[in-house]
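# A closer look at the structure
Okay, here's what each chain looks like letter by letter:
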Amino acid sequence: MIRFEKVSVTYADAGRPTLQHIDLTVPEGELVLLVGESGVGKSTLLGTVCGLVPHFTGGTLRGRVTVDGRDTRTHKPRELADLVGTVGQDPLAHFVTDTVEDELAYGMESLGIAPDVMRRRVEETLDLLGLAELRDRPIATLSGGQQQRVAIGSVLTTHPKVLVLDEPTSALDPAAAEEVLAVLQRLVHDLGTTVLMAEHRLERVVQYADQVLVLPAPGEAPLMGAPAEMMTRSPVYPPVVGLGRLAGWSPLPLSVRDARRRAASLRERLADRSAPLSGSAERKPDASRGQRDPVATLSKLTVRRGRAETLRGIDLAFSPGETVALMGRNGAGKSTLLGTLVGMVAPASGTVVVGGLTPRRAAPAELIRQVGLVPQEPRDLLYADTVAAECAAADADADAAPGSCRALVSELLPGVADETHPRDLSEGQRLALALAIVLTGRPPLLLLDEPTRGLDYAAKARLATILKGLAADGHAVVLATHDVELAADLADRVLIMADGEIVADGPTAEVVVSSPAFAPQVTKVLAPQHWLTVSEVERALAQRPQDSL
Amino acid sequence: MSQPPVDRPHPRLDGGAPIAEPAEPTVPDPSAGTWWRALRAPEADRRNALHPGAWWLWALGLATAASRTTNPLLLGLLVAVAGYVVAARRTDAPWARSYAAFVKLGLFVIAVRVLFSVALGSPIPGTHTLLLLPEVPLPDWARGIRVGGRITAEQVVFALYDGAKLATLLICVGAANALANPARLLKSLPGALYEVGVAVVVAMTFAPNLVADIARLRTARRLRGRRTGGIGAIAQIGLPVLEGALERSIAIAASMDARGYGRSAQVPPAVRHTTTALTLGGLLGVCAGSYALLTAEGGSYALPLLFIGLITAVAGLRLGGRRSVRTRYRPDRFGPRSWCVAGSGAAVAVLMIWAGGYAPDALHPSVVPLVVPALPLWPALSILIGLLPAFIAPVPPLSQSTKESA
């Protein structure tokens, strides 16, 4: 269906090709997962299929890409529109019209499909994606998962043979991601659509893939093969594969179900080792919480937006040195809760006290020495045009000694030159820069909103190390996240929110183990034992059984 | 086990007679006959939505009527009619809130008009002096301009009437704005203008995004320990906001391109040239015709010129539409209800123009000498025809889930 012949892509201002030696064929009706670290050219490869690279982005494409026999060199993206459907990472950037039904019809209108056919296809697509109830709704009022489904639906109505998806589930909560993946499954199985998809969150998608295409490093030739085989060589892999690699299973398990079938012996070996609940070195004992003065307390907090109560009756306290994961579906009120702690959102009733200050009324300059927030889009914090200028400004803002921010940047982000433009940093580097800026004020309470959106496993591991260090220094860290694996790795305590209320609050192991949606893969595989991460299992296996007694 | 026979009619649970008429989930109205029920305004949805053009024609009819009178009572009646229809038929869409803004703008216009008249004087001769302002002496070359001086009741009343007329025009436009979905209006444009329409639609979604960006970045300044207000804040976030806006436009352009925007059919050069000639010629004709219509001199040739210009322009646009391969998904139809709404506006306009012939004094109450304006019966009744849409236009559904995404 898609043929790459000796393809290489070089952008105008780049010294070396972003993609090279791509020589492969994607067969019809397969779901192919594109895997690789950030910056290896996954998006570029996807762009070559729909013709946006090079027709829209510029750059030089050597070799030839043909989709169903059409050469992308001679066909512009609009001439491939009936053949290739493209959905990007941010569905909002994809929408041209304002209501669901119009959006589904837009592509067909451009192609000049007859009105009665359009009507029929819109109805079919509404049913296929479960959007019938939302047909008249303005797109801006939909949730993230619904928007992503509308985006997929809007390209499906033209009946494309190929669907190209760039990180379709990265910004979604686990349940919404399931929704989207179920739809993709159905397309591949029922309609025979060929799907080419890039995704960082491998734990969600790898078990659905027919083939995996690995880009090992920038400019290196890609590998393609069966998922289990590719996972043995891939630089990025989900925890379930990590567990399989640790236990030496072959072929590697790709889903929790595969792994559970093999895990009987591993569970037996682990049965007599210390379970992490009863005193692993990493998790601090519960006793330390509540004894020290909390860095922030919220009591009977209610927040309204218009008439809707986005937060209701929240009572919470955060202690120094603890790491708290705030979880819950999109729109549950996680960001609003973080917003009240930095005074961006005004409470309707109740009180918020952070380090003795009321955030809403405190002067911003004072507040940043008590609490720091890294927003969902770290770019919102960056105004200057070089890293050095950004650091100097942060020092001035926080009244810190000159050079303190730059020292933090060097620590978190080794090897970034002073004159780099923040826009040229990768997603993970930008997050680290924003984190350094926020940390310049040495706030005892650090908040992060969706820090792992768009980060690959390596960047996530670096972030986890940094945050563990900060917690060990006595910072209280609160992160709002959909990433159960990150929460399992980092958090001492998990809060689950729904409809503006806290519905679960307790130590990580207790909360996530009991929840099917929020349990990490390792927990699911090794249940009923309470293991959370691959590294815990690894450490336990390294000790001899008698040590743990 | 014995199954009940399938074909037996279901007995009613309360033991009463079987229901003869289909049960409708409406409030039972004993006086309503079936024909009345059929005529009653249905709940609005995509199928029966009023054509946005109908709302505009209705509003322009009211505006034309407003332009023909300075009687404050009639103008007030027009505003009341427009306001009632808006209150009865507007949705909870963002554009529907614009009505209040237009009313405020109207009040502002009246205030400015009166203020200018007071400050700069007025050619209206008057005898009822309200107060004497000190007159600023101006040099000879500025003769004809007066600053300060005597202020008469006549001149203030004249300014009030004049301002009220302008304000009413504005409020009528505001009503159309609040009632018609702008995106759907643009969808009704002829094919040749489609691409312009898309640009406008994208720009319209762009503006709210820009405002949201500015708000987000201003609050983000708090996170850097800076003040969120003031000019400095705006200056500093200006560049990031523009950068974000630019990136978003590029993303939308890429998305539109990948979804087939701008696919066009091959058209022979002769057709293309004819299209250009027809469109340009037609528009020139329309311009010349409207100019002639508005100036007093060109009474005889104005209408034919306008008409020919319109026909030529429409022909040009239709021919131009051949280049576009687009089709339209569920366009709004100009159904009977749309005709009634548009017609009610036109009727108000025509009756007011006619009233200008038979009752000119009532439509333009005298300022010198000052008289209390009277409400002329027939013009007032003809304005009330404009209320028709409040009864026949489909009723928008009660605010459906307008949950904002957090």
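Residues numbered from 1 in each chain as written. Chains lettered and ligands numbered in written order. Predicted model: local features only at pLDDT ≥ 70, side-chain atom pairs only at ≥ 80, totals over all residues. Heavy atoms only, no water.

As recorded in an unreviewed UniProt entry, chain B goes by the name Energy-coupling factor transporter transmembrane protein EcfT, listed as coming from Streptomyces albipurpureus.

If you check an unreviewed UniProt entry, chain A appears there as ATP-binding cassette domain-containing protein from Streptomyces albipurpureus. Under the UniProt heading Sequence similarities (unreviewed entry), the note attached to chain A is "Belongs to the ABC transporter superfamily." (UniProt positions renumbered as here; feature names shortened; annotations may be inferred.)

## A few points about the overall build of chain B
The secondary structure content of chain B amounts to 14 helices and two strands. Sequence separation of 24 or more characterises 78% of the internal contacts of chain B that already satisfy a separation of 6 or more. Split by element, the accessible area of chain B, about 23900 Å² in all, is 70% carbon and sulfur. (Helix = DSSP H or I, 4+ residues; strand = E, 2+ residues; numbered from the N terminus. Contact = heavy atoms within 4.5 Å. Areas by Shrake-Rupley, 256 points an atom, 1.4 Å probe, with all protein chains shown as cover.)

## Regarding the overall build of chain A
Broken down by element type, chain A carries 21 helices and 19 strands. Taken against the 2.2 N^0.38 rule, which gives 24 Å for 549 residues, the C-alpha radius of gyration of chain A at 24 Å falls within 12% of a compact globule. By principal-axis analysis of the C-alpha atoms, chain A measures approximately 70 × 55 × 50 Å. For chain A, the proportion of its 549 residues judged to be buried stands at 57%. Total accessible area on chain A stands at roughly 21100 Å², and carbon and sulfur atoms take up 49% of it. Distance between charge centroids for chain A: 2 Å, based on 56 positive and 70 negative side chains. (Rg over C-alpha atoms; globule rule 2.2 N^0.38 Å. Buried < 20%, exposed > 50% of the residue type's maximum accessible area, 1.4 Å probe, protein only. Lys, Arg positive; Asp, Glu negative; His and termini not counted. Charge placed at Lys NZ, Arg CZ, Asp CG, Glu CD.)

## Quick word on the nonpolar core
All names here are of chain A. In terms of nonpolar packing, the biggest core is built from 79 residues, with Phe 318, Leu 337, Leu 435, Leu 445, Leu 447 and Leu 467 touching the most fellow members. With nine residues, helix α16 (residues 427-439) is the largest single contributor of residues to this core. The residues touching Phe 318, leaving out its near neighbours within four places in the chain, are Pro 294, Val 295, Ala 296, Leu 298, Val 324, Leu 341, Val 478, Arg 493 and Leu 495. Membership of the second largest hydrophobic core comes to 68 residues, among which are Val 87, Met 108, Met 118 and Leu 142. (Core = buried A, V, L, I, M, F, W, Y, C linked by side-chain atoms within 4.5 Å.)

## Focus on the environment of Cys 405 of chain A
All names here are of chain A. If you trace the backbone, Cys 405 turns up in helix α15 (residues 404-412). Expressed as a C-alpha distance, the spacing of Cys 405 and Met 224, which sit 181 residues apart in the sequence, is 43 Å. Excluding residues within four positions of it along the chain, Cys 405 makes contact with Cys 391, Ala 394, Asp 395, Ala 436, Ile 437 and Thr 440.

## Some words on the sheet that holds strand β7 (residues 162-166) of chain A
Residues and elements named next belong to chain A. Reading across the sheet, the six strands line up as β6-β7-β8-β3-β9-β10 and stay open at both edges, with mixed pairing between neighbours. The strands lining the two open edges of the sheet, one partner per strand, are β6 (84-87) and β10 (223-225). Strand-to-strand twist across the sheet, computed as the mean angle between neighbouring axes with direction ignored, equals 15°. Both β6 and β7 contribute to a ladder of four bridges, which runs parallel. Counterpart to Gly 85 in the pairing with β7 is Leu 163. Packing against the sheet, helix α6 (residues 174-191) makes contact with β3 (31-35), β7 and β8 (194-198), and its axis sits at approximately 160° to β7. (Pairing = 2+ DSSP bridges. Axes fitted to C-alpha atoms, helices over the stretch in contact; angles between N-to-C directions.)

## Points about the domain arrangement of chain B
Quite often, the size of an interface is put as the accessible area lost when its parts meet. By domain assignment, chain B separates into domain 1 (48-190 + 336-397) and domain 2 (269-320). Taking the mean C-alpha position of each, domain 1 of chain B and domain 2 of chain B sit 30 Å from one another. (Domains from an automatic or database assignment.)

## With respect to the layout of surface pockets
Residues and elements named next belong to chain A. Of the volumes computed, that of the second largest pocket is approximately 640 Å³. Taken together, 25 residues line the second largest pocket, and the ones lying closest to its centre are Tyr 237, Pro 239, Tyr 457, Ala 461 and Asp 489. Mapped by element, the contributors of at least two residues to the lining of the second largest pocket are α9 (239-247), α17 (457-472), α18 (484-490) and α21 (534-542). Sorting elements by how many residues they give to the lining of the second largest pocket places α17 first, with seven residues. In terms of residue class, the lining of the second largest pocket is made up of 14 nonpolar, four polar and seven charged. (1 Å grid on protein atoms, 1.4 Å probe; cavity = no way out; pocket = protein on both sides within 12 Å on 5 of 7 lines; lining within 4 Å. Points joined across faces, edges and corners; volume = space filled by probe spheres on them. Nonpolar A, V, L, I, M, F, W, Y, C, P; charged D, E, K, R; others polar.)

## Some thoughts on the packing of helix α3 (residues 100-111) of chain A against helix α5 (residues 144-156) of chain A
Residue and element names in this part refer to chain A. Put simply, α3 and α5 touch, their axes get as near as 6 Å, and they point 35° apart. Taking contact as the criterion, the partners of Val 100, Glu 103 and Leu 104 in α3 are, on α5, Val 150, Gly 153 and Ser 154. Looking at side-chain class alone, the contact of α3 with α5 contains three nonpolar, two polar and one charged residues.

## A look at the UniProt feature "domain: ABC transporter" (unreviewed entry) in chain A
All names here are of chain A. The feature "domain: ABC transporter" (unreviewed entry), as given by UniProt, occupies residues 2-243 and 296-524 in the numbering adopted here. Here residues 2-243 is 35% helix and 22% strand, with 34 Å between the C-alpha atoms at its ends. Measuring from the first to the last C-alpha atom of residues 296-524 gives 33 Å, for a span that is 34% helix and 26% strand.

## Comments concerning the UniProt feature "transmembrane region" (unreviewed entry) in chain B
All names here are of chain B. UniProt's entry tags residues 55-87, 99-124, 192-212, 276-294, 300-319, 339-357 and 377-395 with the feature "transmembrane region" (unreviewed entry), counted in the numbering of this structure. Strand forms 0% of residues 276-294 and helix 100%; the C-alpha atoms that close the span are 27 Å apart. In residues 300-319, the share of helix is 100% and the share of strand is 0%. The end C-alpha atoms are 31 Å apart.

## Concerning the state of the cysteines
Here a disulfide denotes a covalent bond joining the sulfur atom of one cysteine to the sulfur atom of another. All names here are of chain A. Within the structure shown, the criterion is met by zero disulfides over all chains. Residue Cys 405 stays outside any disulfide, its sulfur separated by 3.5 Å from that of Cys 391, the closest cysteine. The exposure class of Cys 405 is buried, given its relative accessible area of 0%. (Disulfide = S-S within 2.5 Å.)

## Overview of the packing of aromatic side chains
Aromatic ring pairs: the centre-centre distance and the angle between the two ring planes describe each pair. Inspection of every chain in the model, using the stated rule, returns four aromatic pairs over all chains. For the cation-ring pair, Arg 245 of chain A lies above Tyr 237 of chain A, with the distance from its terminal atom to the ring centre recorded as 4.0 Å. (Phe/Tyr/Trp six-rings, centres within 6.5 Å; stacked < 30°, edge-to-face > 60°. Lys NZ or Arg CZ within 6 Å of the ring centre and 35° of its normal.)

## Considerations on α16 of chain A
Residues and elements named next belong to chain A. Helix length check: α16, at 13 residues, gives a terminal C-alpha distance of 18 Å against a target of 18 Å (1.5 Å per residue), a fit within 8%. For α16, a buried count of 10 out of 13 residues is recorded, marking the element as mostly surrounded by other parts of the structure. Within α16, the full set of buried residues consists of Arg 430, Leu 431, Ala 432, Leu 433, Ala 434, Leu 435, Ala 436, Ile 437, Val 438 and Leu 439. Residues of α16 that are buried make contact with β15 (371-374), α14 (387-398), α15, β16 (445-449) and α17. (Expected span 1.5 Å × (residues − 1).)

## Comments concerning the packing of α5 of chain A against α6 of chain A
Residues and elements named next belong to chain A. As a packed pair, α5 and α6 sit with axes 8 Å apart at the nearest point and diverge in direction by 20°. Here α5 lies roughly parallel to α6, going by the angle between them. Crossing angle aside, the handedness with which α5 passes α6 is right-handed. Where α5 approaches α6, its residues Gly 145, Gln 146, Gln 148, Arg 149, Ile 152 and Leu 156 are matched on the opposing element by Ala 176, Glu 179, Val 180, Val 183, Leu 184 and Leu 187. (Parallel < 35°, antiparallel > 145°, perpendicular 65-115°, else oblique. Left-handed = near helix turned anticlockwise from the far one by under 90°.)

## Looking at the interface of chain A and chain B
Between chain A and chain B, the residue contacts involve 64 residues of the former and 48 residues of the latter. Buried area between chain A and chain B, summed over both chains or domains, comes out near 5100 Å², and the portion from carbon and sulfur atoms is 51%. Among the residues chain A hides against chain B, the three largest losses belong to Arg 78, Glu 109 and Tyr 383 of chain A. Together they make up 15% of the total. At the boundary of chain A and chain B, one finds 12 salt bridges. The partner of Arg 263 of chain B in a salt bridge is Asp 82 of chain A, and the shortest N-O contact between them spans 3.8 Å. Inspection of the chain A/chain B interface yields 23 residue pairs in polar contact (both at pLDDT 80 or more). (Buried area = accessible area lost by both parts, 1.4 Å probe. Salt bridge = Lys/Arg side-chain N within 4 Å of Asp/Glu carboxyl O. Polar contact = N/O pair within 3.5 Å; in protein donor to acceptor, adjacent residues only side chain to side chain.)

## A few points about the confidence of the model for chain A
Scored by pLDDT, chain A comes out at a mean of 87, with 96% of its residues at no less than 70. Confidence drops under pLDDT 50 across residues 277-290 of chain A; counting only partners more than four residues distant or on other chains, this segment forms 20 contacts. (pLDDT = per-residue confidence, 0-100.)

## A word on the pattern of salt bridges
In this structure the tally under the stated criterion is 39 salt bridges over all chains. Close ionic contact of Arg 135 of chain A with Glu 101 of chain A constitutes a salt bridge, the shortest N to O distance being 3.1 Å. Here the residue Arg 135 of chain A occupies a position in the loop between α4 (115-128) and α5, and Glu 101 of chain A occupies one in helix α3, the gap between them amounting to 34 residues. Looking at Glu 101 of chain A, the relative accessible area reads 1%, which means it is buried. The salt bridge involving Arg 259 of chain B is made with Glu 103 of chain A; its shortest N-O contact spans 2.7 Å.

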